[in-house]
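Working through the structure, step by step
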Amino acid sequence: MKILVVGTGAREHAITRALSLDPAVTELHAAPGNPGIGALATLHAVDQLDGRAVADLARELTADLVVVGPEAPLVAGVADAVRAAGIPVFGPSGEAARLEGSKAFAKEVMAAAGVPTAEPRVATTVEQAVAAIDELGAPHVVKEDGLAAGKGVVVTDDRQAAIEHARACLAKEGGAVVVEEYLDGPEVSLFVLSDGTDVVPLVPAQDFKRALDDDQGPNTGGMGAYTPLPWAPAGLVEEVLETVARPTVAEMARRGTPFVGVLYCGLALTSKGVRVVEFNARFGDPETQVVLARLRTPLAGVLLAAATGALGALPPLEWSDEAAVTVVVASQGYPAQPRTGDVIEGLGDADAVPHVHVLHAGTAVDDEGRVVSAGGRVLSVTATGADLAQAREAAYAGVARITLDGSQHRSDIALKAASV
């Protein structure tokens, strides 16, 4: 199989790495990729948001499968352009990707499908937002309706801060916000593959959204993740399939917009039961890094089955009994004002730590051929181990070998879970 991966981040690096380990894959290409992905695949300087350019490249490469990683190209309809070219693509249509592209739309679908979620209020004016904030009470949850790279959500007891976030979101063209009731309990990420009809779950993971230890600081795109979840209730995956994934996929099909790709179910295990916090229309970052580290079934055939309506014929996925932990190394100033252009050293030393692999998120190569930071989240240092404690120890041993001026990372990824 020749496969083209679209995207630039650590999620795409993790996908490319998993595909590179699949004996069925003969050629790997990425558009536009990053320096880490470039060690595994041929890079192409194509705009990931340009559906026609991506489709033309796939046709030129005679690709057997295109995997669209990030949300922005999916919402922009890149998968539609590739499908129109007659090439199998893993990723939903632009219409189906609205499950992530519009939180208001996702709430509408959940209501129609009977999916349990937080009580929402959609606001398009500041007055409506203030009324909703006051009605639902603290803690206040205010979400930008559209794509915000994981940073469009504010959860706060400060009424004024909630109102200011709503005001900033509404100031954008076509701006809307969703104000929700607060969901208590731990959060879980579950990826569910869909071919439009059938669904296949991956293993649950948990990520860490806040920038600082002990879940302090601002929301980020995610500072680390781990799997498995020793504290998760038995039967959780089957419950989510029955109450969330299958009804949602069926509702999307009923609307004539079948969902093909991965439905990311962001869940809260509340005192009242499982509730959906959010849907994403793609693999989550950084959870993908740990989930794929444990997958033993070759990935290419699984993604192709989803892209071609053949998930129902797939044998059960096989998973390693090992644990996996990933720690995000972020640049100075992240998430508000990340600094870029700093030289990264020690990547080879980190990769040399047993059971560790370093995935590039926001990196570039400068004029002198050095790898430098090029984004807020720069690296995902990922490790496996016999249990979470071992995986954690290895991941942080990898982080310790990397030098990036002003960098930051959380020191408590999987810490509590490792002691369960």
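Rules and cut-offs
- Residues numbered from 1 in each chain as written.
- Predicted model: local features only at pLDDT ≥ 70, side-chain atom pairs only at ≥ 80, totals over all residues.
- Heavy atoms only, no water.
- Helix = DSSP H or I, 4+ residues; strand = E, 2+ residues; numbered from the N terminus.
- Rg over C-alpha atoms; globule rule 2.2 N^0.38 Å.
- Buried < 20%, exposed > 50% of the residue type's maximum accessible area, 1.4 Å probe, protein only.
- Contact = heavy atoms within 4.5 Å.
- Areas by Shrake-Rupley, 256 points an atom, 1.4 Å probe, with all protein chains shown as cover.
- Lys, Arg positive; Asp, Glu negative; His and termini not counted.
- Charge placed at Lys NZ, Arg CZ, Asp CG, Glu CD.
- Phe/Tyr/Trp six-rings, centres within 6.5 Å; stacked < 30°, edge-to-face > 60°.
- Core = buried A, V, L, I, M, F, W, Y, C linked by side-chain atoms within 4.5 Å.
- Salt bridge = Lys/Arg side-chain N within 4 Å of Asp/Glu carboxyl O.
- Pairing = 2+ DSSP bridges.
- Axes fitted to C-alpha atoms, helices over the stretch in contact; angles between N-to-C directions.
- Expected span 1.5 Å × (residues − 1).
- Polar contact = N/O pair within 3.5 Å; in protein donor to acceptor, adjacent residues only side chain to side chain.
- Parallel < 35°, antiparallel > 145°, perpendicular 65-115°, else oblique.
- Left-handed = near helix turned anticlockwise from the far one by under 90°.
- Right-handed = clockwise from strand over helix to strand, strands pointing away.

Quick look at the overall build of the chain
A count of helical and extended segments in the chain gives 14 helices and 24 strands. Against the 2.2 N^0.38 benchmark of 22 Å for 420 residues, the chain shows a C-alpha radius of gyration of 20 Å, consistent with a compact globule. Overall, the chain is about 55 × 45 × 45 Å in size when its C-alpha atoms are taken along their principal axes. By the burial criterion, 56% of the 420 residues in the chain qualify as buried. Long-range contacts, defined as pairs at least 24 residues apart, comprise 69% of the intrachain contacts of the chain with a sequence gap of at least 6. About 16,400 Å² of surface is accessible on the chain, with carbon and sulfur atoms providing 50% of the total. When the 32 positive and 54 negative side-chain charges of the chain are each reduced to one mean point, those points stand 3 Å apart.

Things to note about the packing of aromatic side chains
Applying the stated criterion across every chain yields a total of 4 aromatic pairs. Taking 5.9 Å as the distance between ring centres and 25 degrees as the angle between the ring planes, the aromatic pair formed by phenylalanine 90 and phenylalanine 283 counts as stacked. Taken together, the residues phenylalanine 90 in strand β5 (residues 89-90) and phenylalanine 283 in the loop between β17 (273-280) and α10 (287-294) connect sequence positions 193 residues apart. Each of the two residues, phenylalanine 90 as well as phenylalanine 283, counts as buried.

Side note on the nonpolar core
Grouped together as the largest cluster of nonpolar side chains are 76 residues, with contacts concentrated most on Leu4, Val66, Leu99, Phe279 and Val325. Take this core: its biggest share by element is 7 residues, from helix α9 (residues 236-254). Aside from chain neighbours lying at most four places away, what touches leucine 99 is Phe105, Ala106, Val109, Thr248, Met252, Phe259, Leu263 and Phe279. Ranked by size, the runner-up nonpolar core spans 42 residues in total, among them Ile37, Tyr264, Ala300 and Val302.

Considerations on the pattern of salt bridges
Applying the stated criterion to the full structure yields 27 salt bridges. The shortest N-O distance in the salt bridge between glutamate 71 and arginine 11 comes to 3.8 Å. Taken together, the residues span a long stretch of sequence, with glutamate 71 in helix α3 (residues 71-75) and arginine 11 in helix α1 (residues 10-20) at a distance of 60 residues. Arginine 11 matches glutamate 71 in its accessibility class, with the two residues each being buried. Here aspartate 366 makes a salt bridge to arginine 370, at a shortest N to O gap of 2.9 Å. One network of salt bridges, in which partners are shared, links Arg11, Glu12, Glu71, Glu100 and Arg282.

Points about the sheet that holds strand β2 (residues 27-32)
Strand order across the open sheet formed by 5 strands is β3-β2-β1-β4-β5, with parallel pairing between neighbours. Unpaired on one side and paired on the other, β3 (42-43) and β5 mark the two borders of the sheet. Strand contacts of α1: β1 (2-7), β2 and β4 (65-68), with the helix running at about 170 degrees to β1, the strand carrying the most contacts. Across the sheet, helix α11 (residues 299-307) is in contact with β1, β4 and β5; its angle to β4 comes to roughly 90 degrees.

As for helix α13 (residues 388-400)
For α13, with 13 residues, the first-to-last C-alpha span of 18 Å sits near the 18 Å given by 1.5 Å per residue. Contacts from the buried residues of α13 go to β15 (224-227), β18 (323-330), α12 (347-351), β20 (356-360), β23 (377-385) and α14 (415-418). Where α13 begins, the capping side chain belongs to aspartate 387, and its oxygen is found 3.2 Å from the backbone nitrogen of alanine 389.

Notes on the packing of helix α7 (residues 126-136) against helix α8 (residues 159-170)
At their nearest, the axes of α7 and α8 sit 10 Å apart, and the two run at 150 degrees to each other. Taken together, the axes of α7 and α8 lie roughly antiparallel to each other. The two elements α7 and α8 meet at a crossing, and its hand is right-handed. Of the residues in α8, those touching α7 at Val126, Ala129, Val130, Ile133 and Asp134 are Arg159, Ala162, Ile163, Ala166, Arg167 and Leu170.

Examining the environment of arginine 282
Its location among the elements puts arginine 282 in the loop between β17 and α10. Distance in space between the C-alpha atoms of arginine 282 and alanine 123 is 26 Å, their sequence separation being 159 residues.

Describing the pairing of strand β7 (residues 140-144)
With 5 of 5 residues buried, β7 lies mostly within the body of the structure. Pairing of β7 with strand β8 (residues 153-156) involves 4 bridges; the strand directions are antiparallel. Note that in β8 the partner of valine 142 across the bridge is valine 154. Bridging between β7 and strand β9 (residues 177-180) involves 4 bridges; their strand directions are antiparallel. Residue pairing across strands places lysine 143 opposite valine 178, the latter belonging to β9.

Side note on the side chain of glutamine 206
Inspection of the secondary structure puts glutamine 206 in strand β12 (residues 206-207). Overall, the relative accessible area of 14% leaves glutamine 206 in the buried class. Engagement of the side chain of glutamine 206 in a polar contact is seen with the backbone oxygen of glutamate 187, the distance being 2.9 Å. In contact with glutamine 206, not counting residues within four places along its chain, are Pro186, Glu187, Gly224, Ala225, Tyr226, Leu229 and Trp231.

A look at the pairing of β1
Of all 6 residues that make up β1, 5 are buried, and the element is covered over most of its length. Where β1 and β2 come together, 6 bridges link them in parallel fashion. Each bridged residue has a counterpart across the sheet, and for leucine 4 the counterpart in β2 is histidine 29. Each parallel crossover has a hand, and the one from β1 via α1 to β2 is right-handed. Sheet analysis places β1 next to β4, joined by 4 bridges and oriented parallel.

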